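Analysis of the macromolecular model
The chain contents come next:
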Amino acid sequence: MINRTLTLALMDPPYESANSTTALRIISAALEKGIDVNVFAYEGAVCLPLKDQAPHANPVKGTTVEQEEHPTTKSFVSSLLAIGNLTWVNCGLCVDERGATNVVDGVKRGSPADFFKMASESTNTLVIPTK
Amino acid sequence: MTRYVFIESRDPFESRDTQFLEDTAIAVKERGHDVTVFLVQNGVLAARESARRLGRLAEAGVKLLADDLSLRERGIKADELSPGIRESGIDALVEALVQENTKAMWH
């Protein structure tokens, strides 16, 4: 069986754009198909796996944290990493700029050189830019 | 032959540059390549028959897919889609992306 690898470059920060949701869906679908996935998180996307994210209640609707079931991107990233065959690299400079160092387990720190290497060794690369 | 996958995430009524993607996809198709346009997020608003968009792409033989979740989020049913546009899961996009000799562009 041919080993297939998909690399994605993400740039949007969490809770800003539907791009993040679509990217996470693409990663999930690829992993389910047995496709290896590399993610290079650039700019605001380095905050997707931030461990400090917390689900919240909704005082407008009067719902509790449990009732609200607010999804966090850190949980999505953790779940995807738990599947295996996913390499997630956060851009180190982008992390430092944002102080986004406290990330979920399994997320690595790297540089655009890692993105180049991942893209060079992949079946295909998809760049999802900010609007 | 190269395969091209264009992913359109923008609403044509908000972004005039969706026209650029349409023109590019048709030009590539006319050069003999296999072309797929995958509509996602607000891009699926163009898939409605009542929007009267994307007819040129269909006539040019471009494969048109619309993301099922994006359609559901916007209350668009399969029978509202223009002829030539097929509702599709995100797994179809993934499968298209990992075909050999495929170029992918997100817009």
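Here the structure is shown first, and the text comes after it.
To keep things clear, this report deals only with the structure shown in the data block. Quick caveat: nothing in here was measured; it's all calculated off a predicted structure.

The subject of this paragraph is the packing of helix α1 (residues 18–32) of chain A against helix α4 (residues 90–97) of chain B. Between two packed helices, both the angle of their axes relative to each other and the distance between the axes serve to describe the pair. For the pair α1 of chain A and α4 of chain B, interaxial distance at closest approach is 9 Å and the crossing angle is 70°. By the angle between their axes, α1 of chain A is roughly perpendicular relative to α4 of chain B. Residues Arg 25, Ile 26, Ala 29 and Ala 30 of chain A of α1 of chain A lie in contact with α4 of chain B, whose contacting residues are Ile 90, Asp 91, Leu 93 and Val 94 of chain B. Here the residues of the contact of α1 of chain A with α4 of chain B are counted per class, giving 6 nonpolar, no polar and 2 charged.

Listed as interface residues are 12 residues of chain B and, on the opposing side, 17 residues of chain A. Sorting the residues of the side of chain B that touches chain A by element identifies α4 and β5 (102–106) of chain B as the ones contributing at least two each. The greatest single-element share of the side of chain B that touches chain A, amounting to 5 residues, is contributed by α4 of chain B. Among the residues making up the side of chain B that touches chain A, the classes are represented as 8 nonpolar, 3 polar and 1 charged.

All right, on to the environment of Asp 105 of chain A then. Relative to the assigned elements, Asp 105 of chain A resides in the loop between α4 (92–98) and β4 (107–110). Spatially, the C-alpha atom of Asp 105 of chain A lies 8.6 Å from that of Leu 81 of chain A, the residues being 24 residues apart in sequence.

As a further point, take unusual backbone geometry. All names here are of chain A. Its identity is not glycine, yet Glu 43 carries a phi of approximately 50°, on the positive side. By the secondary structure assignment, Glu 43 is in the loop between β2 (36–41) and α2 (65–68). Judged by C-beta crowding, with 18 C-beta atoms within 10 Å, Glu 43 ranks as partly exposed. Phi angles above zero are rare outside glycine, and Asn 85 is one such case at about 65°. Tracing the backbone through its elements, the reader meets Asn 85 in the loop between α3 (73–83) and β3 (86–91). Residue classification places Asn 85 among the partly exposed residues on the basis of 15 C-beta atoms within 10 Å.

Another aspect to go through is the packing of α1 of chain A against α3 of chain A. All names here are of chain A. Direction vectors running N to C along α1 and α3 enclose 15°, while the axes themselves pass 10 Å from each other. Classified by the angle their axes make, α1 and α3 are roughly parallel. Our pair here, α1 against α3, has a crossing hand that is left-handed. On α3, the residues touching Ser 20, Leu 24, Ile 27, Ser 28 and Leu 31 of α1 are Thr 73, Phe 76, Leu 80 and Ile 83. Of the residues contributing to the contact of α1 with α3, the split by class is 6 nonpolar, 3 polar and no charged.

Reading the values: rules and limits
Per chain, residues are indexed from 1 in the order of the written sequence. Labels are handed out in written order, letters beginning with A for the chains and numbers beginning with 1 for the ligands. Note on the predicted model: pLDDT of at least 70 is required for a residue's local features to be given, and 80 or more for side-chain atom pairs to be given and counted; whole-chain, interface and lining totals, by contrast, use all residues. A fitted line through C-alpha atoms serves as each axis, taken over the contacting stretch for helices, and the angle formed by two N-to-C directions is quoted from 0 to 180°. A run of DSSP states H or I qualifies as a helix once it reaches four residues; a run of E qualifies as a strand once it reaches two. Both are numbered from the N-terminal end. When describing relative orientation, an angle under 35 degrees is termed roughly parallel and one over 145 degrees roughly antiparallel, while 65 to 115 degrees is termed roughly perpendicular and anything else oblique. In this description, any two residues whose backbone-derived C-beta atoms lie within 7 Å of each other are considered to be in contact. Polar here means any residue other than Ala, Val, Leu, Ile, Met, Phe, Trp, Tyr, Cys and Pro, which are nonpolar, and Asp, Glu, Lys and Arg, which are charged; Gly is therefore polar. Neighbour counting defines burial: a residue surrounded by 20 or more other C-beta atoms within 10 Å of its own C-beta is buried, one with 12 or fewer is exposed, and intermediate counts give partly exposed, using backbone-placed C-beta atoms. Note on convention: the crossing is left-handed when the near helix lies turned anticlockwise from the far helix by less than a right angle, right-handed when the turn is clockwise.

Geometric values such as these leave the question of function open.
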